Each structure stands twice: as C-alpha cells, then as structure tokens.
Amino acid sequence: SALGGSVGTNGTLKGEVIEITNWAQLKDFGRSEIEGKIVFLNRVMNPTFISTGNAYGNCVDQRHLGASRAAEFGAIGVIVRSMSLKYDKNPHTGSMTYLDSNSRIPAAAISTKDAHDLSLAIKDNEVVLWKEFNSNMPVSIEYNIQF
C-alpha cells in the first residue's frame, strides 16, 4: 500500500531492488550502487522489547524518512517493511514525509511476510519490481526474479 503522504509513480515505476537493513548501508553502498534502483527498507521490529512501542519507535524512522534518505543516493522509489510484529500478509502503512532538499520518490509498504520473502529472493537473485500508484489508489507490486 502507498504510504500516506507519498507521491504517486506517474505511470509504472520499474527498477532493480536493493535491500537496506540499517542507515549505515546507504553510505556503504553509496550513490553508485543505489542510483536508479528501488530501495527496500527492511529493518525488522525487535520482538524482544517488552514494550511494543519501543520496538516500533526503534524502526519507524525508515517509513517516516526513508524515501528522502534513499533519494539522496539517487533511488527512484522505496518499499518499506510494515511496522508490525505480526507475521502476516497485511501491509501496514502510516504516514511519511519528505525533506524539502530531496527529490520526492514514491514510497509503499509491504507486509512482513512479503518483506521476508522479498529479502530471501534478493539474497539469491537479482529482483526487479514494478509498481504503480497515485494518491487515490493502492499500490500494485509484482516482483520478478531474474536468473
């Protein structure tokens, strides 16, 4: 599902996916590895925290500012793991925001189960995503594993 506040894709957006599990990886990969790709923000909520709020607060920044941070490195879009401890096929959205200094790229959430599956696919293959949405319709995401 498109994140609240996200720009639309202005047609179909297609790009190779690169997985990021922490902010340091953006710098580690650098612009040369991220430019023109869709960044998959996949930091998992920590289930060992006694307070669900602490687990949520520890990773919600990837949803809130992920598009702007990825855009700094030339990403064309972001896919964000849902902020949930449940392992299911229901994407949780919520709001996001853009920093004025960066390009505005589309941002969408996928379910925790789909995030898990996408992460496994990326580890063994090049994954290309297609997505299309505007502010009035849900995102449609398909991924194609290319060997």
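Report on the accompanying structure. Remember, predicted model here, so these are calculated numbers, not experimental data. (Residues numbered from 1 in each chain as written. Predicted model: local features only at pLDDT ≥ 70, side-chain atom pairs only at ≥ 80, totals over all residues. Heavy atoms only, no water.)

## Quick word on unusual backbone geometry
What is expected of a backbone is that most residues other than glycine have negative phi and most peptide bonds are trans.
Then comes step 1: Positioned with a positive phi, Asn-10 is a non-glycine residue whose angle comes to about 55°.
Then comes step 2: One can find Asn-10 in the segment before β1 (13-20). (Helix = DSSP H or I, 4+ residues; strand = E, 2+ residues; numbered from the N terminus.)

## Let's talk about the pattern of salt bridges
Then comes step 1: Counted under the stated rule, the structure contains six salt bridges.
Then comes step 2: Taking the shortest distance from any N to any O, the salt bridge between Lys-37 and Glu-16 comes out at 4.0 Å. Residue Lys-37 is found in the loop between α1 (24-34) and β2 (38-41), and its partner Glu-16 is found in strand β1; the two are separated by 21 residues along the sequence.
Then comes step 3: For the salt bridge of Asp-114 with Lys-89, the shortest nitrogen-to-oxygen distance reads 2.8 Å. Within this pair, whereas Asp-114 is found in helix α4 (residues 112-124), its partner Lys-89 is found in the loop between β3 (77-81) and β4 (107-110), the two being separated by 25 residues in sequence.
Then comes step 4: What makes Lys-89 exposed here is its relative accessible area of 51%. (Salt bridge = Lys/Arg side-chain N within 4 Å of Asp/Glu carboxyl O. Buried < 20%, exposed > 50% of the residue type's maximum accessible area, 1.4 Å probe, protein only.)

## With respect to the side chain of Ser-84
Then comes step 1: Structurally, Ser-84 is set in the loop between β3 and β4.
Then comes step 2: Within the local environment of Ser-84, its side chain forms a polar contact with the backbone nitrogen of Lys-86, the two atoms lying 3.0 Å apart.
Then comes step 3: Apart from residues no more than four positions distant in its own chain, Ser-84 is found in contact with Met-45, His-92 and Thr-112. (Polar contact = N/O pair within 3.5 Å; in protein donor to acceptor, adjacent residues only side chain to side chain. Contact = heavy atoms within 4.5 Å.)

## Focus: the environment of Tyr-98
Then comes step 1: With respect to the element layout, Tyr-98 can be found in the loop between β3 and β4.
Then comes step 2: Sequence spacing of Tyr-98 and Gly-5 is 93 residues, and the spatial spacing of their C-alpha atoms is 8.4 Å.
Then comes step 3: A distance of 3.0 Å separates the side chain of Tyr-98 from the backbone nitrogen of Val-7, its partner in a polar contact.
Then comes step 4: A distance of 2.7 Å separates a polar side-chain atom of Tyr-98 from the backbone oxygen of Ile-105.

## Some details on the nonpolar core
Then comes step 1: Judged by nonpolar contacts, the single largest core of 25 residues is most densely connected at Ile-34, Val-39, Leu-41, Ala-67, Val-78 and Ile-105.
Then comes step 2: Where this core is concerned, the elements lending two or more residues are β1, α1, β2, α3 (61-71), β3 and β4.
Then comes step 3: Examining the composition of this core, we find that three residues originate from one element, α3, more than from any other.
Then comes step 4: When sequence neighbours within four positions are dropped, the list of residues in contact with Ile-34 reads Ile-18, Leu-26, Phe-29, Val-39, Ala-70, Phe-73, Gly-74 and Ala-75.
Then comes step 5: Listed in part, the 13 residues of the second largest apolar core include Val-17, Phe-40, Ala-121 and Ile-122. (Core = buried A, V, L, I, M, F, W, Y, C linked by side-chain atoms within 4.5 Å.)

## What to know about the pairing of β4
Then comes step 1: Burial along β4 is two-sided: Ala-107 and Ala-109 facing one way and Ala-108 and Ile-110 facing the other are all buried.
Then comes step 2: Sheet topology places β3 next to β4; four bridges connect them, and they run parallel. Bridging across to β4, Val-78 finds its partner in Ala-107. (Pairing = 2+ DSSP bridges.)

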